[in-house]
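# Structural description and commentary
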Amino acid sequence: MGLVRVTSFLSALGCIALLGPLANADVVDNPRFDIEGLVIVWGANDQNNAPVVADFVIDDGAGAADTDLIADDAFTVVTGTLVATRDAVATSDTVRGIPFVIEDTASGTINTDTNSDGFVAADDAFSPFGLLDPSDARVDATQTLTSFYVASNTPFAINAEARLASFGDLVLLSNITWDMAVTLSGDDGVAFGSAAQFPHSAGADGGVATFANLIPLAFGQTVFTGNQATAAQSGSIADQSVRFDISYAIGAGALTGYDLSLGTFDFEIEVTYTVFVP
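Residues numbered from 1 in each chain as written. Predicted model: local features only at pLDDT ≥ 70, side-chain atom pairs only at ≥ 80, totals over all residues. Heavy atoms only, no water.

### Observations regarding the overall build of the chain
- Check the secondary structure of the chain and you find three helices and 15 strands.
- When each of the 278 residues of the chain is scored for burial, the buried share is 36%.
- Residue pairs at least 24 apart in sequence account for 71% of intrachain contacts in the chain once pairs closer than 6 positions are excluded.
- As displayed, the chain offers around 15500 Å² of accessible surface, 56% of which is attributable to carbon and sulfur atoms. (Helix = DSSP H or I, 4+ residues; strand = E, 2+ residues; numbered from the N terminus. Buried < 20%, exposed > 50% of the residue type's maximum accessible area, 1.4 Å probe, protein only. Contact = heavy atoms within 4.5 Å. Areas by Shrake-Rupley, 256 points an atom, 1.4 Å probe, with all protein chains shown as cover.)

### Brief notes about the sheet that holds strand β7 (residues 136-138)
- With antiparallel pairing, three strands are arranged side by side in an open sheet as β6-β5-β7. Whereas interior strands pair on both sides, the edge strands pair on one side only; in this sheet they are β6 (108-111) and β7. Pairs of neighbouring strands in the sheet enclose a mean axial angle of 25 degrees, with direction left out of account. (Pairing = 2+ DSSP bridges. Axes fitted to C-alpha atoms, helices over the stretch in contact; angles between N-to-C directions.)

### Thoughts on the packing of aromatic side chains
- For the coordinates displayed, the defined rule picks out nine aromatic pairs.
- Three or more aromatic residues link up through ring pairs in this structure, and these residues are Phe148, Phe156, Phe224, Phe244 and Tyr273. (Phe/Tyr/Trp six-rings, centres within 6.5 Å; stacked < 30°, edge-to-face > 60°.)

### Looking at the nonpolar core
- Counting 35 residues, the largest nonpolar core has Ile158, Trp178, Met180, Leu217, Val223, Phe244 and Tyr273 as the members making the most contacts within it.
- At the level of elements, β1 (38-43), β8 (144-152), β9 (157-164), α3 (170-175), β10 (176-183), β13 (221-225), β14 (241-250) and β15 (269-276) are the ones that each hand at least two residues to this core.
- Considering every element that reaches this core, the biggest residue donor is β14, with five residues.
- Discounting chain neighbours no more than four positions away, the residues touching tryptophan 178 are Val208, Ala209, Phe211, Ala212, Leu214, Leu217, Val223, Ile246, Ser247, Tyr248 and Tyr273.
- Ranked by size, the runner-up nonpolar core spans eight residues in total, among them Ala44, Val77, Leu82 and Ala238. (Core = buried A, V, L, I, M, F, W, Y, C linked by side-chain atoms within 4.5 Å.)

### Quick look at the side chain of asparagine 45
- Relative to the helices and strands, asparagine 45 resides in the loop between β1 and β2 (52-58).
- In this structure the side chain of asparagine 45 is engaged in a polar contact, spanning 3.0 Å, whose partner is the backbone nitrogen of glutamine 47.
- Once residues within four sequence positions are removed from consideration, asparagine 45 is found in contact with Val52, Asp73 and Phe75. (Polar contact = N/O pair within 3.5 Å; in protein donor to acceptor, adjacent residues only side chain to side chain.)

Following this line, the structure appears as structure tokens:
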């Protein structure tokens, strides 16, 4: 009997040990994947190289104060090419002027920008034409066309501010017309847009503001407000990019009736476009 009692006691202790409190440790894991609103702007850089991504904007919830992760600014290119606009206007070996037309000739109206690159230079050429009594040169019927490219995973907006780089005569801003539109796809040396959609559901002109001239832009204006991302399906950054096209023309004021008696003139207007997530 004694042996039985000892055996039972030990078994009871074993049960107590098994049923007692257990030591433990918790491991908490909380992985999170958060893709923020992203806008990539590309064109030329300040060294006149293109194509270059020079703006990389992250939505930080602060509107126009969104963070640009690249300190340098992007510059426009000549529409339809990857030629930097600043390089196209004047370089060490060539000077390019704005196009003009010669009206009322025996051959009709002649556009001096014969290669359609947006400038008049030594690489333009046209056939002899007959001069008539009313034949005249005009600059208001031609445009200067510039562009930059945007890819995004979110809707975005664009502000614009215009200022004269050489002097502050606002009258000149009133002489310059402004227009913006979006091109969905193309090949300017790099193919773009095959996986893109317009950044506004209304199409090429959707979300674009209308101004008669550059005067309103002297005080800063929102010139575009989108309502959808440019990326429509899988693809590269270029595939998911659209092209913003801006045209400027001398179309109002004293310079509208330009003729040779006004001589030569040279003025520069700087327009800064700020891309942000509203």
